[in-house]
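# Understanding the architecture of this molecule
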Amino acid sequence: MLKGDKGSVLLITVLVVLALATVLTAASFLFVGGIQEARLNVASAQAHYLAEAGIEYAIEQLIQNWNWSPPTGPISFPPNSAPLGTFKISVSSNSQTKRTIQSTGTVAIGRKSVERTITVDVQRAGFPPIFNNALASSTDIDLTGNSRIYSSNESKAKGNVYGHKKISLKGNVKVTGSVSSALENGVTIQGNVEVGEGIFAGPQYFQEIPTVEEHLRQSWEDKAKTGTIYSSGLSYSGNVSVNLGNAYINGDLTITGNASISLADDAIVYVKGKVKITGNASIRGQGIIVSEGVIDVTGNMSHQLDQPASIAFVSLSSDESKITGNGEVTGVFFVPQGTLKIAGNSCIFGAAVAYRIDFTGNAEIKYNADLMDSNVTWDPLRVLRINKWDEI
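None of the values given here were measured: they were computed from a predicted structure. (Residues numbered from 1 in each chain as written. Predicted model: local features only at pLDDT ≥ 70, side-chain atom pairs only at ≥ 80, totals over all residues. Heavy atoms only, no water.)

### So, the packing of aromatic side chains
- Within the structure shown, the criterion is met by eight aromatic pairs.
- Aromatic pair F127 and F131: ring centres 5.6 Å apart, planes at 55°, arrangement tilted. For the pair F127 and F131, a shared accessibility class is recorded, and that class is buried.
- Centre to centre, the rings of Y248 and Y270 are 6.0 Å apart; their planes meet at 10°, and the pair counts as stacked. Of this pair, Y248 sits in strand β18 (residues 247–249) while Y270 is found in strand β21 (residues 267–271), placing the two residues 22 residues apart along the sequence. The same class applies to Y248 and to Y270, which are both buried.
- Feature note: the residues Y57, W68, F77 and F87 constitute an aromatic cluster, connected by ring pairs.
- Positioned above the aromatic ring of Y150 is the side chain of R148, whose terminal nitrogen or guanidinium carbon lies 4.0 Å from the ring centre.
- Positioned above the aromatic ring of Y248 is the side chain of K225, whose terminal nitrogen or guanidinium carbon lies 4.7 Å from the ring centre. (Phe/Tyr/Trp six-rings, centres within 6.5 Å; stacked < 30°, edge-to-face > 60°. Buried < 20%, exposed > 50% of the residue type's maximum accessible area, 1.4 Å probe, protein only. Helix = DSSP H or I, 4+ residues; strand = E, 2+ residues; numbered from the N terminus. Lys NZ or Arg CZ within 6 Å of the ring centre and 35° of its normal.)

Next up, the structure:
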């Protein structure tokens, strides 16, 4: 081989070695970069799970205490000697029944850290949406005479009427809100009827009227039994004043005269028999009275004007429950399987929802505009509902 040829071979060898070195160096950088990217992806996923853990932790605390405030600093998770990372929570109040939770999960990688944030809007699971109406029924509704459906605060909420089937308005009926039927051409008017927010009819206006499924009935009964159990009914009369928490009544509940009952917050009173309230009895607080029998209210049941009228009366019976008399009766009345008769010159401060409603005389419903802001927990097994979930 000539000397020139040897020099060429050497040059080619050097170039090949340099090329291989370049390829290997690039591959090395790509390999290291891939590992770093993989680590960042893993850390990002871990930070996301930590943020979710913070949301779940905050929801658990709010279920126990709606006014709960989180710690100011980060919380290690899992809470052991080798935590994955931390989450930090903030809770802000939007209204009496709504909270916004923000949780930031953080995972450290050497000198760096990766963060993921989740923001969730939660609301106490109060009355079902059908109670946005002052009056609602699964069957026909007939409003006659001088009946009025209006609101305690027209600028906040109107007195709406809804029915699955026919709605007939006759005479001098006045409705400050809307009248809606899920039946095509389901609303008829005769006389000097006034409807403030319009008439709507057709299947597109369908609203769900909930039933009381067994799991809900059982949850009411179970919660009631965590309190006082009355083995042979319960009766109050005269001028007595009583504080009542969770209670299970194996018989009737009778309240007469000027008896004053104060329910503990979110109390459930479960009555195996019927509920009868007469005279000037008053019931205050926020809770649910559930009766397996009918509910019969006659007289004047007073309320506090500066508080939501958040006593719900639920009859599970298919028989007729009644609200009669000439005074104002406070409460939310729900009779999903039976008839609710509203007669005389009585005025309901609250709302009425039933399978069938018999509305006669000059009865009125003054819808409680603060009703949907109530802290009443309708379903003890579903204390909070999530309205919005955002991830960053």
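### Things to note about the pairing of strand β17 (residues 241–244)
- Only one face of β17 is buried, namely the one carrying V242 and L244, since none of S241 and N243 on the opposite face is buried.
- Two strands pair when backbone bridges link them, and β17 and strand β20 (residues 260–263) are joined in this way by four bridges, in the parallel orientation. Paired with S241 across the strands is S260, a residue of β20. (Pairing = 2+ DSSP bridges.)

### Side note on the sheet that holds strand β31 (residues 384–391)
- Ordered by their spatial adjacency, five strands build an open sheet running β1-β2-β3-β4-β31, and the pairing between neighbours is antiparallel. Here the strands that pair on one side only, and so sit at the sheet edges, are β1 (75–77) and β31. Going across the sheet, the axis of each strand differs from the next one's by a mean of 30°, ignoring polarity.
- By the bridge criterion, twelve bridges tie strand β3 (residues 98–109) to strand β4 (residues 112–124) in an arrangement that is antiparallel. In the strand pairing of β4, T100 is matched with D121. (Axes fitted to C-alpha atoms, helices over the stretch in contact; angles between N-to-C directions.)

Interpretation in functional terms is not warranted from these geometric data alone.
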